[in-house]
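Structure assessment
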Amino acid sequence: MAIAPWTEQIDTMAAELTATRREFHRIPEIGFEEVKTSALVAAKLRALGLEPHEGIGKTGVVAMIEGAHPGRTLLMRADIDGLPIEERTSLEYRSTHPGRMHACGHDTHITMMLATARILLEHREHLHGRVKLVFQPAEESLGGARAMIDDGVLEGPHVDAAIGCHIWNDMPTGHVGVREGPIMAASDRIHITVEGRGGHGAMPHLSSDAIVASAQVINSLQTVVSRRVSPLSAGVVTIGTIHGGYASNIIADRVEMEGTVRSFDDEVWQQMPDFIEQIVEGTCRALGCTGSVQYTRGVPTTVNDAEMAALVRDAATEVLGADRVLYPQQSTGGEDMSVFLQAVPGCFFWVGSQNSEKGADRPHHHPEFNVDEDAMPLGVKVLVASALKYLDAQH
Ligand SMILES: [Zn+2]
Ligand SMILES: [Zn+2]
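Residues numbered from 1 in each chain as written. Chains lettered and ligands numbered in written order. Predicted model: local features only at pLDDT ≥ 70, side-chain atom pairs only at ≥ 80, totals over all residues. Heavy atoms only, no water.

1. Quick notes on the coordination of the zinc ion (ligand 2)
The coordination sphere of the zinc ion (ligand 2), as far as protein atoms go, consists of Cys104 (SG), His106 (NE2) and His166 (NE2), spread over 2.1 to 2.5 Å. Each donor residue of the zinc ion (ligand 2) lies on one chain, and together they are spaced C-x1-H-x59-H. Between the two metal centres, the zinc ion (ligand 2) and the zinc ion (ligand 1), the spacing is 3.1 Å, with Cys104 acting as a shared donor. In this structure, Cys104 and His106 share a single accessibility class: buried. (Donors = N, O, S within 2.8 Å, 3.2 Å for Na, K, Ca; no water. Buried < 20%, exposed > 50% of the residue type's maximum accessible area, 1.4 Å probe, protein only.)

2. Considering the sheet that holds strand 1 (residues 53–56)
As summarised here, the arrangement of the eight strands in space is 1-2-4-3-5-16-6-15, forming an open sheet in which the pairing is mixed. The strands lining the two open edges of the sheet, one partner per strand, are strand 1 and strand 15 (325–326). The pairing of strand 3 (residues 69–79) with strand 4 (residues 128–136) spans nine bridges and is classified as parallel. Within strand 4, the position partnered with Asp79 by the bridge is Gln136. Along the sheet face, helix 4 (residues 106–122) touches strand 2 (60–66), strand 3, strand 4 and strand 5 (161–172) and points at about 160 degrees away from the line of strand 3. Contacts from helix 10 (residues 376–390) reach strand 3, strand 5, strand 6 (176–177) and strand 16 (346–354), with the element oriented near 155 degrees to strand 3. (Pairing = 2+ DSSP bridges. Helix = DSSP H or I, 4+ residues; strand = E, 2+ residues; numbered from the N terminus. Contact = heavy atoms within 4.5 Å. Axes fitted to C-alpha atoms, helices over the stretch in contact; angles between N-to-C directions.)

3. So, the environment of Pro328
Tracing the chain through its elements places Pro328 in the loop between strand 15 and helix 9 (337–343). Sequence spacing of Pro328 and Glu54 is 274 residues, and the spatial spacing of their C-alpha atoms is 35 Å. The residues contacting Pro328, other than those within four sequence positions of it, are Met171, Gly177, Val178, Arg179 and Trp350.

4. Details of the domain arrangement of the chain
Note on interface size: it is often stated as the accessible area lost on association of the parts. On domain assignment, one finds that the chain holds domain 1 (5–185 + 301–390) and domain 2 (186–299). The distance between the C-alpha centroids of domain 1 and domain 2 comes to 37 Å. With 14 residues of domain 1 at the interface, the matching set in domain 2 holds eight residues. Of the roughly 750 Å² buried at the junction of domain 1 and domain 2 (both faces included), carbon and sulfur atoms supply 65%. Along the contact surface separating domain 1 from domain 2 lie zero salt bridges. Summed over the shared surface of domain 1 and domain 2, the result is two residue pairs in polar contact (both at pLDDT 80 or more). Residue contributions to the side of domain 1 that touches domain 2 peak at three residues, all from strand 7 (residues 181–184). (Domains from an automatic or database assignment. Buried area = accessible area lost by both parts, 1.4 Å probe. Salt bridge = Lys/Arg side-chain N within 4 Å of Asp/Glu carboxyl O. Polar contact = N/O pair within 3.5 Å; in protein donor to acceptor, adjacent residues only side chain to side chain.)

5. What to know about the coordination of the zinc ion (ligand 1)
All of the protein donors around the zinc ion (ligand 1) are Cys104 (SG), Glu140 (OE) and His365 (NE2); their distances to the metal are 2.0 to 2.3 Å. Along the chain, the residues donating to the zinc ion (ligand 1) fall in the pattern C-x35-E-x224-H. Relative accessible area serves as the criterion here: at 37%, His365 is assigned to the partly exposed category.

6. Focus: the pairing of strand 1
Relative to strand 2, strand 1 is paired through three bridges, and the arrangement is antiparallel. Its bridge partner lying in strand 2, Glu54 is registered against Val61. Taken together, strand 1 and the strand that follows it, strand 2, pair antiparallel across an intervening segment of three residues, in which Gly57 is found at a positive phi of about 65 degrees.

Structure (structure tokens):
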């Protein structure tokens, strides 16, 4: 297939993409506080001639590109939130907001989606159907996708499919990653409370030591994945915080712990709360303490529809060439694009942005995180090609 001239147009937009990304990078805001960010998104959409709706899902923005012909509705999603991290780069365009940073690359998602909107608008006459551009707040564990769905983003008009992407520092620039089925993990939170009976540190037999019980709980929790989950399935149980105790010679009566639980299979996801409760309660009881678990469901597994993944893969192959389209390993990271993909078939793909020569090799959420901005034109090409393919009359 001949590469459409719009791919060359995207190449000429590289400097503009970089400038836009830096504009957003300077003003990171955390989930549901994206006031400046969404105002800037809306202003840029208006400059393109669109009529954005603001305040969807609190701080989200939605805009519609109507094709010239009747057809299906494709939702294209970019998340817009930053993280509560102090940026430790010396970049000239680093965060101007203390304690806030675009450390996951969502600034690039906004940028790529705005550029996608521009190109698709210029190809309106070829579109059978419409693109619903969704700029989603609060991706980072705060439920932004759910908030937008609750505000009706999947209706009026009804959404038939969804596409989104994530800039990806685990993959070298120049590549994109597309696969069907589960691509990112379900992510849940646990809060564990261990209660014992306090006492003198020299007389343990007169008390029930919540710290010793907690130590056993932490070790035993490692058997959830190694002994309860099938070796052919994946899972993670991580305890990330532990708080308890008063002084070196006092037996603690209470310990609080927090952790994260990851899984891919629906069966494992269903079983995890029971597996964890059994260990916490049983271990504590055996040591004369009581243990309780508050299990909070976070985001479900991000599952790509086979047909939509094939469509994105074909689109990517056409515009980038087969050698640039990888079939990546799944990530145990969580992602709330999953909430959209539970509701409608879709595909979430990765845009490789790792380049150690440019210092773009830190992991996501790191205070020195940065991406290779040259990855963005590739992401735009795949987004545009996928939308054109999906809204083509032949499909
Ligand atoms: Zn993130
Ligand atoms: Zn992210």
